[in-house]
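# Architecture and fold: a report
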2 protein chains.
Amino acid sequence: MSAYAEATAVTPGSRPGFFTATISDRWSIGSRPNGGYLLGLAGRALQQTLPHEHPLTVTGHYLSPPEPGPATVEVETVRTGRSVSTGSARLLQPVGEDGAAKERLRVLATFGTLVPPEVDSAGPLYLDLAAPELPPVQECLSAEVPLPSGETPTLMHSVDLRLDPATAGWALGRPSGQARMRGWLRPADGSDPDPLFLLLAVDALPPTVFELGLTGWAPTVELTVHVRARPVPGWLRVAVSTRHVASGQFEEDAEVWDAAGRLVAQSRQLARVAPVVAPG
Amino acid sequence: MSAYAEATAVTPGSRPGFFTATISDRWSIGSRPNGGYLLGLAGRALQQTLPHEHPLTVTGHYLSPPEPGPATVEVETVRTGRSVSTGSARLLQPVGEDGAAKERLRVLATFGTLVPPEVDSAGPLYLDLAAPELPPVQECLSAEVPLPSGETPTLMHSVDLRLDPATAGWALGRPSGQARMRGWLRPADGSDPDPLFLLLAVDALPPTVFELGLTGWAPTVELTVHVRARPVPGWLRVAVSTRHVASGQFEEDAEVWDAAGRLVAQSRQLARVAPVVAPG
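Note that the structure is predicted; figures quoted are calculated from it, not measured. (Residues numbered from 1 in each chain as written. Chains lettered and ligands numbered in written order. Predicted model: local features only at pLDDT ≥ 70, side-chain atom pairs only at ≥ 80, totals over all residues. Heavy atoms only, no water.)

### Some remarks on the side chain of His-244 of chain A
Spelled out, the test is: Where helices and strands are cited, they refer to DSSP runs of H or I of at least four residues and of E of at least two residues respectively, numbered from the N terminus. Three exposure classes are used, based on accessible area relative to the maximum for each residue type with a 1.4 Å probe and protein chains only: buried under 20%, partly exposed in between, and exposed over 50%. Residues are treated as being in contact if the distance between any of their heavy atoms lies within 4.5 Å.
Topologically, His-244 of chain A is positioned in strand β15 (residues 244-246). A relative accessible area of 4% places His-244 of chain A in the buried class. Among residues more than four places away in sequence, those in contact with His-244 of chain A are Gln-249, Phe-250 and Glu-251 of chain A together with Pro-124, Tyr-126, Leu-127, Arg-228 and Leu-263 of chain B.

Written out as structure tokens, the structure reads:
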């Protein structure tokens with residue numbers, strides 16, 4: 001079992017659609033579990049409840065900051081159909097003295113069936129986008145490099161992320177001024193990326209706004225991921241970009257390509273940014 | 001009251017968060033109410049239930065084809081906070097002899113407060129995107145032009161849409177081969193566009209894949225809209241593009257700009273396309 005499968009494992013509870021889980025402390029940025037990882041955890045519970053195996057489109061709204069530790073996931077089956085099914089999931093954690101359940105994340109998702117890569121040979125009917133050009137893996141910057149805060153996120157021990165140095169100026173105190181980041185990504189344990197791993201992959205790079213010198217906390221309000229194909233084994237390439245930062249909010253788009261050069265996921269999130277410009 | 005406000009009006013029912021509504025037949029493509037219009041209807045019910053007025057991010061999953069006529073909207077308040085609140089909405093219609101409620105659309109949304117345009121003078125902190133260059137309104141193609149089917153959608157009498165002729169080759173049987181479309185848009189009754197109108201605006205242009213010669217039905221699976229600012233009165237400019245058509249699915253991104261040249265909404269939808277190429 002891969003480390004990601006283990007970290008997103010859910011155990012069926014007493015009623016259908018109810019699961020217990022443990023939010024791992026090994027997929028965090030600082031003290032906070034990564035938002036893509038949490039989406040993967042909710043996605044696992046949806047996968048085990050709905051009649052279709054693969055996430056096609058998954059939206060999460062982040063409601064309160066989660067912490068590593070016990071959690072429950074409650075899945076509501078919204079609709080089941082022949083080719084797709086839709087479900088909603090709530091990720092909850094006990095808080096306070098009385099252990100009352102507090103909702104961390106609400107998810108709405110449609111699942112379907114993605115064909116195996118080996119029978120997906122026709123290629124896209126239309127593609128107006130190119131996989132990012134990246135220097136070889138060994139020439140990229142290991143993301144075990146500390147954040148501006150000086151700390152290495154535990155997430156960076158669970159994934160192997162190699163940033164294109166051209167987009168990692170922030171790490172050297174020289175942000176590029178372009179809200180773009182790109183790099184190689186794979187599970188650190190050498191396991192193969194699967195569709196649920198893509199829910200994490202789209203959110204695994206540092207925030208694009210670091211390259212604008214905005215190195216504060218950038219909490220996600222909402223994240224939507226489209227899984228477009230099942231990845232082949234090997235390195236993923238991830239390109240993240242932001243077009244618009246205004247009124248304390250920005251969107252961040254990610255595209256994920258597999259080792260065969262296929263576009264396997266697209267995502268967009270809405271996040272908040274503190275209007276503080278770091279020196280640098 | 002604008003025609004759009006009327007078409008999206010909801011009447012509070014017997015319990016908080018329950019509303020009755022009528023799905024109008026004047027915002028349809030063929031016999032099917034436009035997906036953005038339905039999102040606006042659900043958005044109206046959310047607006048009347050949540051403590052915040054403006055949609056910031058709204059996701060709809062389309063579950064079954066709706067019809068003009070009676071409907072109900074049930075809103076669940078997921079979380080209320082100081083600056084934002086989150087809710088879920090179900091759009092239902094009675095079907096069959098027994099009038100059992102069938103769910104048409106499930107929505108998950110976070111609302112907040114957008115400042116009025118006149119105090120939003122700082123401009124974006126970062127913008128890596130340009131408003132579309134369009135010919136003057138009078139040189140654009142009125143979208144009252146019939147669809148490939150020969151029919152003019154009722155939607156095109158409710159909005160005033162003027163397509164850039166460079167992106168409307170499909171209407172003349174000469175699709176450009178580029179999955180992009182752009183045009184001017186405003187409510188046909190001369191009313192001012194508001195944040196809820198933007199939920200429709202992102203979905204009001206013909207499908208981008210028409211320009212690839214794919215003129216069949218392109219049903220939306222999921223549509224997510226980020227409202228980034230309150231529009232000033234006047235024409236909107238809308239640019240829609242698709243980057244990837246594969247395995248019978250495509251994404252469609254829209255950007256909406258107001259008459260002051262401000263980016264007011266971004267959207268992405270996942271839709272299905274029949275793998276049939278029209279003669280052309």
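### Describing the interface of chain B and chain A
Short version of the rule: For any pair of parts, buried area is found by adding up, for both, the accessible area (1.4 Å probe) each one loses once the two are put together. What counts as a salt bridge is simple: a side-chain nitrogen of Lys or Arg found within 4 Å of a carboxyl oxygen of Asp or Glu.
Each partner contributes to the interface: chain B provides 53 residues, whereas chain A provides 53 residues. Between chain B and chain A, the buried area comes to about 4,800 Å², and carbon and sulfur atoms account for 52% of it. Looking only at chain B, the three residues that lose the most surface to chain A are Tyr-126, Arg-228 and Arg-243 of chain B, adding up to 17% of its buried area. At the boundary of chain B and chain A, one finds eight salt bridges. Arg-106 of chain B is the salt-bridge partner of Glu-76 of chain A, the closest N and O atoms lying 2.9 Å from each other. Among the elements that line the side of chain B that touches chain A, the one with the most residues is strand β17 (residues 263-272) of chain B, at seven residues.

### Some points on helix α2 (residues 35-49) of chain B
Residue and element names in this part refer to chain B. So the rule is basically this: Multiplying 1.5 Å by the residue count of a helix minus one yields the expected span of that helix. As used in this structure description, the phrase polar contact means that two N or O atoms lie within 3.5 Å; if the pair is within protein, one of them must be able to donate a hydrogen and the other to accept it, and residues adjacent in sequence are counted only when both atoms belong to side chains.
For α2, which comprises 15 residues, the first-to-last C-alpha distance of 21 Å matches the rise-based estimate of 21 Å (1.5 Å per residue) to within 8%. Of all 15 residues in α2, 12 are buried; the element is thus mostly enclosed. Among the residues of α2, Gly-35, Gly-36, Tyr-37, Leu-38, Leu-39, Gly-40, Leu-41, Ala-42, Gly-43, Arg-44, Ala-45 and Leu-46 are the ones counted as buried. At the N-terminal end of α2, a side-chain oxygen is found 2.8 Å from the backbone nitrogen of Gly-36, two or three residues along, and the residue is Asn-34.

### Some remarks on the side chain of Arg-237 of chain B
Residue and element names in this part refer to chain B. For Arg-237, the position within the fold is in strand β14 (residues 236-241). Side-chain polar atoms of Arg-237 contact the backbone oxygen of Pro-132, separated by 3.5 Å. In this structure, Arg-237 is in contact with Ala-131, Pro-132, Leu-134, Gly-183, Trp-184, Glu-255, Val-256, Trp-257, Asp-258 and Gly-261, ignoring residues within four places of it in sequence.

### A look at the confidence of the model for chain A
Residues and elements named next belong to chain A. The condition that has to hold: Residue-level confidence of the predictor, termed pLDDT, takes values from 0 up to 100.
In this model, chain A carries an average pLDDT of 94, and 96% of its residues clear a pLDDT of 70 or more. Counted against residues more than four places away or in other chains, residues 276-280, with its pLDDT under 50, gives nine contacts. Quick note on the complex model: pTM equals 0.96, ipTM equals 0.95.

### A short note on the environment of Leu-127 of chain B
Following the sequence through the fold, Leu-127 of chain B ends up in strand β9 (residues 126-127). Spatially, the C-alpha atom of Leu-127 of chain B lies 9.1 Å from that of Leu-263 of chain B, the residues being 136 residues apart in sequence. In this view, Leu-127 of chain B contacts Arg-243 and His-244 of chain A together with Trp-257 of chain B; residues no more than four positions away in its chain are not counted.

### Examining the relation of the copies chain B and chain A
Quick note on the threshold: Superposing the copies works by least squares over the C-alpha atoms of residues that have pLDDT at least 70 in both of them.
Once chain B has been moved 0.0 Å along the axis and rotated by 180°, it coincides with chain A to within an RMSD of 0.0 Å. Given the turn and translation reported, the copies of this chain are related as if by a two-fold rotation axis. The fraction of interface residues of chain B whose copies in chain A are also interface residues reaches 100%, indicating that both copies meet through the same surface.

### Quick look at the packing of aromatic side chains
Rules: Here the aromatic set is Phe, Tyr and Trp, taking the six-membered ring for Trp, and pairing holds for ring centres within 6.5 Å; pairs whose planes are under 30 degrees apart are stacked, those over 60 apart are edge-to-face, and all others are tilted.
Throughout the structure, instances matching the rule amount to 10 aromatic pairs over all chains. With 5.0 Å between their ring centres and 65° between their planes, Trp-170 of chain A and Phe-210 of chain A make a pair best called edge-to-face. One end of the pair, Trp-170 of chain A, is in the loop between β11 (159-163) and β12 (180-187); the other, Phe-210 of chain A, is in the loop between α4 (195-201) and β13 (220-227), with 40 residues separating them in the sequence. Here Trp-170 of chain A and Phe-210 of chain A have matching classes, each one buried. Aromatic side chains Trp-27 of chain B and Tyr-37 of chain B sit 6.0 Å apart centroid to centroid with 20° between the ring planes, which places their arrangement in the stacked category.

### Details of unusual backbone geometry
All names here are of chain A. Even without a glycine there, the phi angle at Ser-247 is positive, about 50°. Secondary-structure assignment places Ser-247 in the loop between β15 and β16 (249-257). Judged by relative accessible area, Ser-247 falls into the exposed class, the value being 54%.

### Quick look at the pairing of strand β11 (residues 159-163) of chain B
Residue and element names in this part refer to chain B. Heads up, the rule is: Two strands pair if DSSP finds at least two bridges between them.
Within β11, four of the five residues are buried, which leaves the element mostly enclosed by the surrounding structure. Note: strand β10 (residues 141-142) against β11, two bridges, orientation antiparallel. Counterpart to Leu-141 in the pairing with β11 is Leu-163. With five bridges connecting them, β11 and strand β12 (residues 180-187) associate as antiparallel partners. Pairing of Arg-162 across the sheet is with Trp-184, part of β12.

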